[in-house]
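A structural walkthrough
As a plain string of letters, each chain reads:
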Amino acid sequence: MFLFSTVYEKTRKKYKANCHSDGMGIDLGIKDFAITNREQVFGNIHKTSIIKRTEKRLKRVQRALSRKYEFQKKRGEKPATKKGSNIAKNILQIQKVHQRLARMRDAYRAWVVSVIAKIKPAFITIEKLNVQGMKKNRHLSKSISDQGFYDFKQKLRNACRKMGIELREVAMYYPSSKLCSHCGIKKVKLSLSERVFQCEHCRQSIDRDHNAAINLMQASEYVLLP
Ligand SMILES: [Zn+2]
């Protein structure tokens, strides 16, 4: 699909083919979908114009439908959802756009997994995500469910099984963002707005998510996912 290259553009030049024997840490997020310790950045597909356009279209057909229902109510008619009615056509339209969005999201996740699996790292470490807890944040709820982390993990698991890659998962409380990936000192305070991790101890300055991905790779406490 053509849109993948636009989400993935930051990655290619940093791609190193000579570290197949090393492990890999993957940090999942909202701003970018996935960041690996090798500075591969898989962007958030929802920031691409094609998804934005499709979501706009969904809103438009949804509005059209609710408008029709309202008019019907005003006229005091019974709801007509039989075949051939405009309302039935509208419902079908909405279903189609929903399907299209779901397919694009799904294909993107599958594609990210295939790119990662092709590198054949010795192991992959991911974080156990507290998706339910994250969803409690009303503002993030939609973007989190759109990302489909659970499905991504499932796909990654299948790919790892097939390729013989060890899949590790670190606990929810592992401070992957707060640790300095260079000297291992833990920061006491790290606000979400700090996009660059700056270590006061060793003076390392590194992208926040990249730092987290390296920490995940270096984690020594984990469970193996079968
Ligand atoms: Zn440091």
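Right above here is the structure, for reference.
As the structure is a computational prediction, the values presented were derived from the model and not from experiment.

1. Regarding the coordination of the zinc ion
- Looking at the zinc ion, one finds its protein donor set to be Cys180 (SG), Cys183 (SG), Cys199 (SG) and Cys202 (SG), positioned 2.2 to 2.3 Å from the metal centre.
- One way to put it: the 4 donor atoms around the zinc ion meet at angles of 106 to 113 degrees, and that makes the site tetrahedral.
- Read in sequence order, the donor residues for the zinc ion give the motif C-x2-C-x15-C-x2-C.
- For Cys180, a relative accessible area of 2% translates into the label buried.
- With a relative accessible area of 32%, Cys183 lands in the partly exposed category.

2. Here's the deal with helix H7 (residues 208-218)
- The element H7 is largely enclosed, with a buried count of 9 among its 11 residues.
- Those residues of H7 lying buried are Arg208, Asp209, His210, Asn211, Ala212, Ala213, Ile214, Asn215 and Leu216.
- Of the surrounding secondary structure, the elements contacted by the buried residues of H7 are strand E1 (24-28), strand E2 (32-36), strand E4 (123-127), strand E5 (166-170), strand E6 (196-198) and strand E7 (205-207).
- Near the N-terminus of H7, the side chain that reaches the backbone nitrogen of Asp209, with its oxygen 3.1 Å away, is that of Asp207.

3. Side note on the environment of Arg157
- Along the chain, the position of Arg157 falls in helix H6 (residues 149-163).
- The exposure class of Arg157 is partly exposed, given its relative accessible area of 24%.
- Once the C-alpha coordinates of Arg157 and Ile124 are considered, the two residues, 33 residues apart in sequence, prove to be 10.0 Å apart.
- Beyond its immediate chain neighbours, meaning those up to four positions away, Arg157 contacts Leu167, Leu225 and Pro226.

4. Thoughts on the nonpolar core
- Ile26, Ile116, Ile124, Phe152 and Leu156 are the most contacted members of the largest nonpolar core, which totals 36 residues.
- Elements supplying a minimum of two residues to this core: E1, E2, helix H2 (49-75), helix H3 (86-119), E4 and H6.
- Element by element, the count of residues in this core is highest for H3, at 12 residues.
- Setting aside residues no more than four positions away along its own chain, Leu156 makes contact with Ile26, Val113, Ile116, Ile124, Ile126 and Leu167.
- The next biggest cluster of nonpolar side chains, apart from the first, holds 6 residues, and it includes Leu190, Phe197, Ile206 and Ile214.

5. Comments concerning the pairing of E4
- The element E4 is extensively covered by neighbouring structure, given that 5 of its 5 residues are classed as buried.
- Going residue by residue along E4, you find Phe123, Thr125 and Glu127 tucked away on one face and Ile124 and Ile126 tucked away on the opposite face as well.
- With 2 bridges connecting them, E1 and E4 associate as parallel partners. Its bridge partner being in E4, Gly25 is matched across the sheet by Thr125.
- The pairing of E4 with E5 spans 5 bridges and is classified as parallel. Counted as the bridge partner of Phe123 is Glu166 from E5.

6. Points about the packing of H2 against H3
- Interaxial distance between H2 and H3 falls to 10 Å at its minimum, and their mutual angle equals 160 degrees. Classified by the angle their axes make, H2 and H3 are roughly antiparallel. Here H2 and H3 pass one another in a crossing that is left-handed.
- Partitioned by chemical class, the residues of the contact of H2 with H3 number 13 nonpolar, 7 polar and 5 charged.

7. Looking at the packing of aromatic side chains
- Evaluated as defined, the whole model comprises 5 aromatic pairs.
- Ring geometry for Phe42 against Trp111: centres 6.1 Å apart, planes inclined by 80 degrees, an arrangement best described as edge-to-face. You can see Phe42 sitting in strand E3 (residues 41-43) and its partner Trp111 sitting in helix H3, a full 69 residues away along the chain.
- Every member of this aromatic cluster is reached through a ring pair, and the members are Phe33, Phe42, Tyr108, Trp111, Phe149 and Phe152.
- Sitting over the ring of Phe123, Arg168 keeps its end group 3.6 Å from the ring centre.
- A cation sits over an aromatic face here: Lys187 above Phe197, 5.1 Å from the ring centre.

Analysis parameters
- Residues numbered from 1 in each chain as written.
- Predicted model: local features only at pLDDT ≥ 70, side-chain atom pairs only at ≥ 80, totals over all residues.
- Heavy atoms only, no water.
- Donors = N, O, S within 2.8 Å, 3.2 Å for Na, K, Ca; no water.
- Tetrahedral: all angles 85-135°; square planar, octahedral: opposite > 155°, others 65-115°.
- Buried < 20%, exposed > 50% of the residue type's maximum accessible area, 1.4 Å probe, protein only.
- Helix = DSSP H or I, 4+ residues; strand = E, 2+ residues; numbered from the N terminus.
- Contact = heavy atoms within 4.5 Å.
- Polar contact = N/O pair within 3.5 Å; in protein donor to acceptor, adjacent residues only side chain to side chain.
- Core = buried A, V, L, I, M, F, W, Y, C linked by side-chain atoms within 4.5 Å.
- Pairing = 2+ DSSP bridges.
- Axes fitted to C-alpha atoms, helices over the stretch in contact; angles between N-to-C directions.
- Parallel < 35°, antiparallel > 145°, perpendicular 65-115°, else oblique.
- Left-handed = near helix turned anticlockwise from the far one by under 90°.
- Nonpolar A, V, L, I, M, F, W, Y, C, P; charged D, E, K, R; others polar.
- Phe/Tyr/Trp six-rings, centres within 6.5 Å; stacked < 30°, edge-to-face > 60°.
- Lys NZ or Arg CZ within 6 Å of the ring centre and 35° of its normal.

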